[in-house]
Structures are given as structure tokens and as C-alpha cells.
Amino acid sequence: MPVILATDVLVWLLVLAAAGYGLYCRRQPHLAAAWQRVFRSPAAMASSVALVFFLGVALLDSLHYRPALDTRPGEQKAYGTEVRSVLDLPLADLRGNTEKTYSAPLAMVSYAKEQVELPNGKMGREFPRLRFGGSHLKDASEWAGDVTRRVLAGFAASVLLFIMAALVIRRLGKRRPEIPWNAALAAVGGLLFVTGPAVALSLCYHVLGTDKVGQDVLYLALKSVRTSVVIGTLTTIVLLPVGIALGIMAGYFRGWVDDVIQYVYTTLNSIPGVLLIAASVLMVQVYVDTHPDLFQTAAQRADFRLLMLCIIMGLTSWTGLTRVLRGETLKLSQLEYVQAAHAFGVRQPRILARHILPNVAHIVIITLALDFSGFVLAEAVLSYIGVGVDPSTNSFGTIINAARLEMSREPVVWWTLATAFTFMFVLVLAANLFADAARDGFDPRVRV
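Residues numbered from 1 in each chain as written. Predicted model: local features only at pLDDT ≥ 70, side-chain atom pairs only at ≥ 80, totals over all residues. Heavy atoms only, no water.

Caption draft 1: Structural context of the packing of helix H1 (residues 6-27) against helix H10 (residues 298-315). Packing of H1 against H10 leaves a shortest axis separation of 8 Å and a crossing angle of 50 degrees. With respect to each other, H1 and H10 are oriented oblique. For the pair H1 and H10, contact is made by Ala-6, Thr-7 and Leu-10 and by Asp-303, Leu-306 and Leu-307, respectively. (Axes fitted to C-alpha atoms, helices over the stretch in contact; angles between N-to-C directions. Helix = DSSP H or I, 4+ residues; strand = E, 2+ residues; numbered from the N terminus. Parallel < 35°, antiparallel > 145°, perpendicular 65-115°, else oblique. Contact = heavy atoms within 4.5 Å.)

See the structure below:
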């Protein structure tokens with residue numbers, strides 16, 4: 001049975017809006033030229049590949065459903081209470097093959113000793129075999145050869161896919177030779193040569209190990225991508241209307257309007273952001289706890305908290321954009337074409353829509369790209385201190401929070417923290433590289 005979550009709807013609406021914006025840019029020469037300058041950057045092409053991968057994972061994880069339960073013939077069809085996503089279908093083995101507790105990456109035995117019966121009939125403490133990882137092997141002597149064969153098979157599949165991608169990109173390069181397709185091909189190759197062996201190994205091993213309750217860490221990391229993408233995009237979309245409207249109004253109307261808006265964002269900036277967000281999230285949590293009848297499943301309750309977190313972060317993070325747009329609007333309002341519009345009696349709403357807003361669009365696009373990575377990191381920090389997403393929601397912050405105590409045990413469980421750090425590093429680095437290219441393509445001062 002399909003399950004429609006609020007964030008799912010918003011994510012897919014954003015995808016449709018982005019597609020519509022792309023069609024609009026094709027009809028506007030100045031916007032098309034700006035985006036062409038963006039994608040002439042090798043860094044932008046390489047980072048786009050990584051961002052498309054993360055976006056694809058997030059979109060697959062944004063189609064939710066409740067699986068049907070096994071029923072006898074003639075009985076009414078029933079559905080489980082657990083909410084799954086389309087992403088869970090290809091990751092069914094990673095999701096279902098859990099262990100008792102920690103296990104190291106590619107291990108075939110547990111990371112902690114247990115009381116087991118020895119071959120001689122006595123009891124002793126040994127590292128027990130895993131239920132799934134390496135269960136097809138007879139003993140440890142076969143492990144190295146099996147891993148090598150699977151890695152080579154994964155590389156072989158990656159090579160075939162890379163050749164197919166190279167042929168497609170070569171054909172695109174003939175149509176648009178000005179775009180650095182080689183950078184995109186290099187990024188595709190790097191992605192394939194990582195995912196190919198990982199997929200081959202995940203069929204019989206836990207590639208990145210398991211956590212305290214035996215869940216596959218690779219599965220948790222992939223499920224956390226959606227949370228980061230949702231927070232990075234929805235929070236930015238929330239702050240844009242407020243930041244754009246107040247920034248342009250303050251710079252254009254000046255006077256008491258400018259004074260009031262400056263007073264508001266100066267006061268808001270004087271409050272520590274983490275404390276303000278924490279207080280708001282705790283109030284939302286109280287509302288959720290006192291109104292359990294509003295949510296049919298735990299997933300809907302967690303999704304509501306995720307959506308409110310995006311709104312709270314957006315409504316407390318618009319001050320920087322407002323300050324920048326205010327300064328830019330102050331400059332634009334004194335230019336000749338704006339003064340000429342005033343002289344001809346053009347109404348102020350039309351001046352704002354036709355002359356001011358289009359000329360600050362580059363700042364909005366740059367802010368949209370830069371703030372994305374900032375909100376991804378902010379979610380990790382908030383979840384680490386316990387005021388972020390719901391504990392049942394997979395996110396990099398909850399993984400890091402769980403890894404906090406694991407780093408103090410002996411032996412150290414390092415792979416959960418390393419996995420979250422690696423995924424976040426790649427996502428934030430790709431977003432920042434694309435933001436730099438967007439700034440160079442849209443900001444006229446950089447081009448000069």
C-alpha cells in the first residue's frame with residue numbers, strides 16, 4: 001500500500017520545479033549562457049556526477065509503501081505497520097541479513113568474543129561465526145581467495161559499464177565539444193570502480209561492517225542520504241522566500257522599513273542558533289508526544305519532525321541572505337534604468353519584479369548551492385547533541401552519535417564513524433565544488 005509522506009511530496013515537487021526551471025532557462029538566452037559557463041568547469045561536471053548519484057538514492061528512498069502481509073485465501077488483505085521505500089528493494093539483503101552485534105568490514109566472525117562450546121565439548125570464549133558475513137565459507141583459509149575473486153568480478157563489471165558510459169559521453173562530446181566531458185567520465189569511472197566491487201562483496205559480506213545491533217553500516221549510510229538531501233534542499237527553499245522578500249524590501253524602500261528589518265535580523269543573530277533551534281525542536285517534540293493520534297505510523301511521526309526541523313532551520317537562517325540582498329538592492333536602486341523606470345511612472349511592484357529581482361538572481365543561486373552543504377553539516381551536529389531528527393530516522397548525525405561511545409571501547413569500533421564521515425565528505429565536497437562553479441558562472445564580478 002503506498003504511503004505518502006509530506007517530505008516525499010515536497011521532494012518530488014522540487015524535482016518537477018527544477019525540471020521546469022531547466023526548460024525556462026533554455027528559452028532565456030542570458031540564463032542559458034550562465035549555466036553553460038557553469039558546466040564548462042571540470043569541477044562542476046565531476047561534482048554533478050556525485051550529486052546525481054546522491055539525488056537518485058534520495059529519490060528512490062522517497063517512494064514509500066507498506067508491505068502486504070501473508071493472508072489465507074478469502075481473507076481481507078492486510079498490510080504491515082512498517083513503512084519501507086523503493087530503495088529497500090535492491091537493498092533487501094543488506095537490510096535483512098543482520099548479525100548479533102558488531103562485526104568488522106568484510107569479516108566472517110564477530111568483533112566480540114562470546115561463550116561458545118568448543119570442539120572438545122568444553123566451554124570457552126571465542127569469536128563466533130557470523131550469520132551472514134562469510135557464512136558460505138568453510139573456514140578462514142578460504143576468505144582471501146573468495147574476497148579477491150569477488151573484487152575482480154566487481155571490477156570486470158565496472159569496466160564494462162565504464163566502456164558503455166565512455167561511448168555515450170563520447171557521442172555527447174561531439175555535440176557539445178565545449179563542455180569538459182572527460183571530467184564527468186573520470187567521475188563516473190571513480191563511482192563505478194567503487195560501487196562495482198562493493199556490490200559484488202555485499203552479496204556475501206558486510207562491506208562496511210555492522211553496528212551495535214548488527215545492522216549493516218552500508219545500508220544505514222545509504223538510507224541516511226535521503227535525510228541529508230531533504231534537509232539541504234527543503235531548508236534552503238524555506239529560507240529563500242523570507243530572505244529574498246525582506247532583503248529586497250530593506251534595500252529598496254529604505255527608511256523605517258529598512259530599520260525594522262535590520263532590527264529583526266540583528267536581534268535574531270544575537271540569539272545562538274543552536275539554542276534557538278533546540279528550543280523549537282523540543283516544543284515540536286512535546287506537540288508530537290501529546291498528539292499521538294495524528295500519526296498512524298512511526299514513519300509519519302518521524303517525517304513530521306524532519307519537516308518541522310527543516311522549517312525551523314530555514315526560519316532561523318535567512319538573515320545572511322537578507323543582509324547580502326539588502327546591500328545589492330541598495331546599489332541597484334540607484335542605477336540609471338531603475339531611476340528611468342521611476343521617471344516614467346512604472347509601479348514599484350513591477351520595478352521590483354522586472355529590474356531588481358532578476359539582477360539579484362545570481363546571489364540567490366549561489367546561496368542555494370552554498371547553504372545546502374551547510375545545512376547537511378548542521379543536521380549532523382544537531383542530531384549529535386540529540387535535537388535533530390527523530391532517533392528512528394536514519395541520518396549521518398544519528399550514526400555519528402551512536403559512534404561516540406564506540407570510539408571509547410576496546411577494541412575501537414571505527415568503521416561506523418568512518419563511513420558517516422566519508423559519505424558526508426563526498427556529499428559536502430561535491431556541493432561546494434558545484435557552488436564555486438555556480439558562483440563563477442552567475443556572478444558578473446567574478447567574470448570581470
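Caption draft 2: Just the domain arrangement of the protein chain, in detail. Each domain of the protein chain was delimited in the assignment, giving domain 1 (106-202) and domain 2 (219-442). A C-alpha centroid distance of 36 Å is found between domain 1 and domain 2. (Domains from an automatic or database assignment.)

Caption draft 3: Inspection of a nonpolar patch on the surface at higher detail. The grouping of Ile-4, Val-9, Leu-10, Leu-13 and Leu-16 at the surface amounts to a nonpolar patch, some 470 Å² of accessible area in total. With respect to the element layout, Leu-16 can be found in helix H1. (Patch = residues over 30% accessible without salt bridge, like charges linked within 9 Å, V, L, I, M, F, W, Y side chains within 5 Å. Areas by Shrake-Rupley, 256 points an atom, 1.4 Å probe, with all protein chains shown as cover. Salt bridge = Lys/Arg side-chain N within 4 Å of Asp/Glu carboxyl O.)

Caption draft 4: Examining the nonpolar core more closely. Ile-231, Ile-244, Ile-277, Leu-309, Met-313, Leu-321 and Ile-356 are the most contacted members of the largest nonpolar core, which has 43 residues in total. Mapped by element, the contributors of at least two residues to this core are helix H7 (217-253), helix H8 (255-270), helix H9 (273-290), H10, helix H11 (319-332), helix H12 (336-343), helix H13 (348-356) and helix H14 (361-384). Tallying contributions element by element places H7 first for this core, with nine residues. When near neighbours in sequence (up to four residues on either side) are disregarded, Ile-244 contacts Leu-321, Leu-325, Leu-357 and Val-364. (Core = buried A, V, L, I, M, F, W, Y, C linked by side-chain atoms within 4.5 Å. Buried < 20%, exposed > 50% of the residue type's maximum accessible area, 1.4 Å probe, protein only.)

Caption draft 5: Quick look at the packing of helix H3 (residues 42-60) against helix H6 (residues 181-202). Remark: H3 packs on H6, axes separated minimally by 7 Å, with the N-to-C direction vectors making an angle of 35 degrees. Regarding H3 and H6, the two cross each other, and that crossing is right-handed. Residues Pro-42, Met-45, Ala-46, Val-49 and Phe-53 of H3 form the contact with H6, whose participating residues are Trp-181, Ala-183, Ala-184, Ala-187, Val-188 and Leu-191. Looking at side-chain class alone, the contact of H3 with H6 contains eleven nonpolar, no polar and no charged residues. (Left-handed = near helix turned anticlockwise from the far one by under 90°. Nonpolar A, V, L, I, M, F, W, Y, C, P; charged D, E, K, R; others polar.)

Caption draft 6: Representation of the sheet that holds strand E1 (residues 2-3). The antiparallel open sheet is built from three strands, whose spatial order is E1-E2-E3. A single partner strand is all that each edge strand has here, and the edge strands are E1 and strand E3 (84-85). Relative to E3, strand E2 (residues 64-65) runs antiparallel, the two being bridged by two bridges. Paired with Tyr-65 across the bridge in E3 is Arg-84. (Pairing = 2+ DSSP bridges.)

Caption draft 7: Just the pattern of salt bridges, in detail. Applying the stated criterion across every chain, the model contains eleven salt bridges. One salt bridge connects Arg-95 with Glu-82, and the closest N-O pair in it is separated by 2.2 Å. Remark: Glu-82 occurs in the loop between E2 and E3 and Arg-95 occurs in helix H4 (residues 92-96); sequence separation between them is 13 residues. Among the ionic pairs, Asp-146 bridges to Arg-149, the shortest N-O distance being 3.8 Å. Within this pair, Asp-146 and its partner Arg-149 are both found in helix H5 (residues 143-175), separated by three residues, close to a single helical turn. Given the relative accessible area of 6%, Asp-146 is considered buried. Classification of Arg-149 as exposed rests on a relative accessible area of 55%.

Caption draft 8: Quick look at the packing of aromatic side chains. For the structure shown, the criterion picks out 14 aromatic pairs. Arranged with centres 6.2 Å apart and planes meeting at 35 degrees, the rings of Phe-396 and Phe-423 form a pair that is tilted. A residue pair is termed long-range when its members are at least 10 positions apart, and Phe-396 in helix H15 (residues 396-406) and Phe-423 in helix H16 (residues 415-442) qualify at 27 residues. Under the relative-accessibility criterion, Phe-396 is labelled buried at 1%. Residue classification places Phe-423 among the buried residues on the basis of a relative accessible area of 16%. Note on Phe-421 and Phe-425: the rings are 6.1 Å apart at their centroids and 20 degrees apart in plane angle, and the pair reads as stacked. Remark: Phe-425 and Phe-421 occur in helix H16; sequence separation between them is four residues, near one turn of the helix. Among the residues examined, Phe-425 registers a relative accessible area of 46% and is labelled partly exposed. Ring pairing ties together the aromatic residues Tyr-21, Trp-35, Phe-39 and Phe-434, which thus form one cluster. (Phe/Tyr/Trp six-rings, centres within 6.5 Å; stacked < 30°, edge-to-face > 60°.)

Caption draft 9: Here's a closer look at a positive patch on the surface. A cluster of like positive charges, contributed by Arg-170, Arg-171, Lys-174 and Arg-175, occupies part of the molecular surface. Its place among the elements puts Arg-170 in helix H5. (Lys, Arg positive; Asp, Glu negative; His and termini not counted. Charge placed at Lys NZ, Arg CZ, Asp CG, Glu CD.)

Caption draft 10: Expanded view of the environment of Ala-166. With respect to the helices, strands and loops of the structure, Ala-166 is situated in helix H5. Among the residues examined, Ala-166 registers a relative accessible area of 22% and is labelled partly exposed. Sequence separation of Ala-166 and Thr-398 is 232 residues, and the distance between their C-alpha atoms is 38 Å.

Caption draft 11: Main features of the side chain of Ser-228. Take Ser-228: it is sitting in helix H7. Of the residues examined, Ser-228 reaches a relative accessible area of 1% and is grouped as buried. Other than its neighbours up to four places away in sequence, Ser-228 contacts Phe-372, Val-376, Glu-379, Phe-396 and Leu-427.

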